[in-house]
Amino acid sequence: AKVRELREGGAEVAVPSFDHGAGDPVEGDIVVTPASEVVIVEGNYLYLEEEPWAALAGMFHQRWFVDCDLDTAMERVLARHVAVGRTPQEAQARVDTN
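Note that the coordinates shown come from a computational prediction; the quantities given were computed from them, not determined experimentally.

Draft legend 1. Local environment of the overall build of the chain. Secondary structure assignment for the chain yields three helices and two strands. Ordered by position in the sequence, the α and β elements of the chain form the string α-β-β-α-α. The C-alpha atoms of the chain give 16 Å as radius of gyration, which overshoots the globular expectation for 98 residues (13 Å, by more than 25%). Per-residue burial for the chain yields a buried fraction of 14% across its 98 residues. Counting contacts in the chain only where the partners sit at least 6 residues apart, residues at least 24 apart contribute 19% of the total. Of the roughly 7900 Å² of accessible surface on the chain, a fraction of 52% belongs to carbon and sulfur atoms.

Draft legend 2. Spatial organisation of the packing of aromatic side chains. Taken as a whole and assessed by the stated rule, the structure comprises two aromatic pairs. Measuring from centroid to centroid gives 5.1 Å for Tyr-45 and Trp-53, while their planes differ by 20°, and the two rings are stacked. For Tyr-45, a relative accessible area of 48% gives the class partly exposed. Considering the side-chain rings of Tyr-47 and Phe-65, the 5.9 Å spacing of their centres and the 85° angle between planes classify their relative orientation as edge-to-face. Taken together, the positions of Tyr-47 in the loop between strand S2 (25-32) and helix H2 (70-83) and Phe-65 in the loop between S2 and H2 put the pair 18 residues apart, joining distant regions of the chain. Residue Phe-65 is classed as exposed on the basis of its relative accessible area, which comes to 60%. Geometry around Tyr-47 places Arg-63 over its ring, the cationic atom sitting 4.3 Å from the centre.

Draft legend 3. The arrangement of a nonpolar patch on the surface in detail. Residues Tyr-45, Leu-48 and Trp-53 make up a contiguous nonpolar surface patch of about 280 Å² in total accessible area. Locating Trp-53 in the fold gives a position in the loop between S2 and H2.

Draft legend 4. Structural detail: the nonpolar core. With five residues, the main nonpolar core is built from Val-3, Leu-46, Leu-56, Met-59 and Phe-60. Once residues within four sequence positions are removed from consideration, Leu-56 is found in contact with Val-3 and Leu-46.

Draft legend 5. Up close: the side chain of Arg-86. Note on placement: Arg-86 falls in the loop between H2 and helix H3 (88-96). For Arg-86, which is buried and forms no salt bridge, the nearest opposite charge comes from Glu-90, at a distance of 5.7 Å. Engagement of the side chain of Arg-86 in a polar contact is seen with the side chain of His-81, the distance being 3.0 Å. Excluding residues within four positions of it along the chain, Arg-86 makes contact with His-20, His-81, Ala-91 and Arg-94.

Draft legend 6. Molecular detail of unusual backbone geometry. The peptide bond linking Glu-51 to Pro-52 adopts the cis configuration, its omega dihedral lying at 5°. Relative to the helices and strands, Pro-52 is located in the loop between S2 and H2.

Rules of the game
Residues numbered from 1 in each chain as written. Predicted model: local features only at pLDDT ≥ 70, side-chain atom pairs only at ≥ 80, totals over all residues. Heavy atoms only, no water. Helix = DSSP H or I, 4+ residues; strand = E, 2+ residues; numbered from the N terminus. Rg over C-alpha atoms; globule rule 2.2 N^0.38 Å. Buried < 20%, exposed > 50% of the residue type's maximum accessible area, 1.4 Å probe, protein only. Contact = heavy atoms within 4.5 Å. Areas by Shrake-Rupley, 256 points an atom, 1.4 Å probe, with all protein chains shown as cover. Phe/Tyr/Trp six-rings, centres within 6.5 Å; stacked < 30°, edge-to-face > 60°. Lys NZ or Arg CZ within 6 Å of the ring centre and 35° of its normal. Patch = residues over 30% accessible without salt bridge, like charges linked within 9 Å, V, L, I, M, F, W, Y side chains within 5 Å. Salt bridge = Lys/Arg side-chain N within 4 Å of Asp/Glu carboxyl O. Core = buried A, V, L, I, M, F, W, Y, C linked by side-chain atoms within 4.5 Å. Lys, Arg positive; Asp, Glu negative; His and termini not counted. Polar contact = N/O pair within 3.5 Å; in protein donor to acceptor, adjacent residues only side chain to side chain.

In structure tokens form, the structure reads like this:
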């Protein structure tokens with residue numbers, strides 16, 4: 001619904017932010033205004049060919065997929081967990097269950 005509101009324009013749209021340190025989205029934390037020329041939408045589901053996600057494909061001017069091997073991705077997840085204050089052991093446990 002938020003992506004559709006942005007595409008239709010004319011009004012501010014409040015969208016959630018996400019901080020890995022906090023762990024949960026903060027609803028309405030980012031306000032996108034009609035003056036915004038570029039809006040980046042990020043998420044693992046944006047390429048799904050299942051509804052409701054498939055309906056989003058036509059709403060974007062561009063879609064990019066950043067690919068990396070699984071080992072690199074897991075190293076990055078580990079580093080991200082450590083960066084927000086988890087011990088290396090806690091971080092590894094989260095990676096192992098990711």
